[in-house]
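Listed below are the residues making up each chain.
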Amino acid sequence: MMKDVWFRWLVWLDFRLAILFTLIIPLGLFIWAFGQKNQTMQHLLAIYWRVASLFAITLYLAIAQYQLSFISGLMARILIPLSLWFWVDLNDEIEYQPNSFMKLVFTSWRWATTLYCALGAIASIPFVGCAFSSNTLKSNYCQVWFEAPLVFKEIFHKNTTANFLGILGILGLILYIIFFGYFVIFKLGKQGRTAIEQ
């Protein structure tokens, strides 16, 4: 029984925090940045969304209960903070912007998301074994991580099979790896503002 897993409430808390920090708040900030014509924040958030799409891919992999979801989820938690702080030019421009409520919210979100992802990555390490053993995957220790994604499926994809959604997740992951590889090879050395152009 999943209810016997002592950390089950932490898994659900993690899912809720992921929705808050990686979807709702950055979406609101993205809209706000466009409304305020704050191009620097727009650029940084555009980079963020490209990287954070790995979380959405992980969700669809988890719906199909693919072992790969444990690896992609861990990688998303590592890459997201990097995407928020890597670009020196964008960091400097945000730092030198006049103090405002938007800047305070944006900076607070960056730090909170970085902390959330860092703690989440550390907490995910013990579960990496779920990605490499079919027997371990069948245990409640691993299966508890699929509860929230399956509830998501029932709400948003009730009439779609888990296998089909998993295939979409695999296709999304393949495209993600291709674009990420292109980015690392050809664009990584560029400044933040130009890294997402062209």
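So, here's what we can say about the structure. Since the structure is predicted, the reported quantities are computational estimates derived from the model, not experimental observations.

Scoring rules and cut-offs
- Residues numbered from 1 in each chain as written.
- Predicted model: local features only at pLDDT ≥ 70, side-chain atom pairs only at ≥ 80, totals over all residues.
- Heavy atoms only, no water.
- Phe/Tyr/Trp six-rings, centres within 6.5 Å; stacked < 30°, edge-to-face > 60°.
- Helix = DSSP H or I, 4+ residues; strand = E, 2+ residues; numbered from the N terminus.
- Buried < 20%, exposed > 50% of the residue type's maximum accessible area, 1.4 Å probe, protein only.
- Lys NZ or Arg CZ within 6 Å of the ring centre and 35° of its normal.
- Salt bridge = Lys/Arg side-chain N within 4 Å of Asp/Glu carboxyl O.
- Disulfide = S-S within 2.5 Å.
- Axes fitted to C-alpha atoms, helices over the stretch in contact; angles between N-to-C directions.
- Parallel < 35°, antiparallel > 145°, perpendicular 65-115°, else oblique.
- Contact = heavy atoms within 4.5 Å.
- Nonpolar A, V, L, I, M, F, W, Y, C, P; charged D, E, K, R; others polar.
- Lys, Arg positive; Asp, Glu negative; His and termini not counted.
- Polar contact = N/O pair within 3.5 Å; in protein donor to acceptor, adjacent residues only side chain to side chain.
- Core = buried A, V, L, I, M, F, W, Y, C linked by side-chain atoms within 4.5 Å.

**Quick word on the packing of aromatic side chains**
In step 1: Throughout the structure, instances matching the rule amount to 20 aromatic pairs.
In step 2: Note on Phe 106 and Trp 109: the rings are 5.8 Å apart at their centroids and 55 degrees apart in plane angle, and the pair reads as tilted. Of this pair, Phe 106 and Trp 109 both sit in helix 5 (residues 101-124), 3 residues apart, roughly one helical turn. Assigned by exposure class, Phe 106 and Trp 109 land together as buried.
In step 3: Of the aromatic side chains, those joined through ring pairs into one cluster are Trp 6, Phe 7, Phe 127, Tyr 141 and Trp 145.
In step 4: Its end group placed over the ring of Trp 85, Arg 110 keeps NZ or CZ at 3.9 Å from the ring centre.

**Brief notes about the pattern of salt bridges**
In step 1: Scanning the entire structure with this criterion turns up 3 salt bridges.
In step 2: Among the ionic pairs, Glu 147 bridges to Arg 8, the shortest N-O distance being 2.8 Å. Of this pair, Glu 147 sits in helix 8 (residues 147-156) while Arg 8 sits in helix 1 (residues 8-35), and the two are 139 residues apart along the sequence.
In step 3: Residue class for Arg 8 comes out partly exposed when judged on its relative accessible area of 25%.

**A word on the state of the cysteines**
In step 1: For the coordinates displayed, the defined rule picks out 1 disulfide.
In step 2: Cys 130 provides the cysteine sulfur closest to Cys 117, a residue in no disulfide bond, and the two sulfurs are 20 Å apart.

**Here we look at the environment of Trp 49**
In step 1: Here Trp 49 lies in helix 2 (residues 39-63).
In step 2: Between the C-alpha atom of Trp 49 and that of Phe 30, which follows or precedes it by 19 residues, the distance is 9.6 Å.

**Considering the packing of helix 1 against helix 8**
In step 1: Where helix 1 contacts helix 8, the two axes come as close as 9 Å, and the packing angle between them is 50 degrees. Classified by the interaxial angle, the pair formed by helix 1 and helix 8 is oblique. Contacts between helix 1 and helix 8 involve Arg 8, Trp 12 and Phe 15 on the former and, on the latter, Glu 147, Ala 148, Pro 149, Val 151 and Phe 152.
In step 2: Residues belonging to the contact of helix 1 with helix 8 are distributed by class as follows: 6 nonpolar, no polar and 2 charged.

**Quick look at the side chain of Lys 103**
In step 1: Structurally, Lys 103 can be placed in helix 5.
In step 2: Despite its burial, Lys 103 pairs with no opposite charge; the closest candidate is Glu 95, at 5.2 Å N-O.
In step 3: From its side chain, Lys 103 meets the backbone oxygen of Gln 97 in a polar contact 2.9 Å long.
In step 4: With residues up to four places along the chain from it excluded, the contact list for Lys 103 reads Met 41, Ile 94, Glu 95, Gln 97 and Pro 98.

**A closer look at the nonpolar core**
In step 1: Counting residues in hydrophobic clusters, the biggest one holds 29 residues, and the most contacted among them are Leu 54, Ile 80, Phe 106 and Trp 109.
In step 2: For this core, the secondary structure elements donating two or more residues are helix 1, helix 2, helix 3 (68-85), helix 4 (88-95), helix 5 and helix 9 (162-187).
In step 3: Core analysis: the second largest hydrophobic core is formed by 12 residues, Phe 7, Cys 130, Leu 137 and Phe 146 among them.

**Description of unusual backbone geometry**
In step 1: With a phi angle near 55 degrees, Lys 37 is a residue other than glycine that sits in the positive phi range.
In step 2: Relative to the helices and strands, Lys 37 is located in the loop between helix 1 and helix 2.
In step 3: With a phi close to 60 degrees, Gln 65 is a non-glycine residue in the positive phi region.
In step 4: Residue classification places Gln 65 among the partly exposed positions, given a relative accessible area of 30%.

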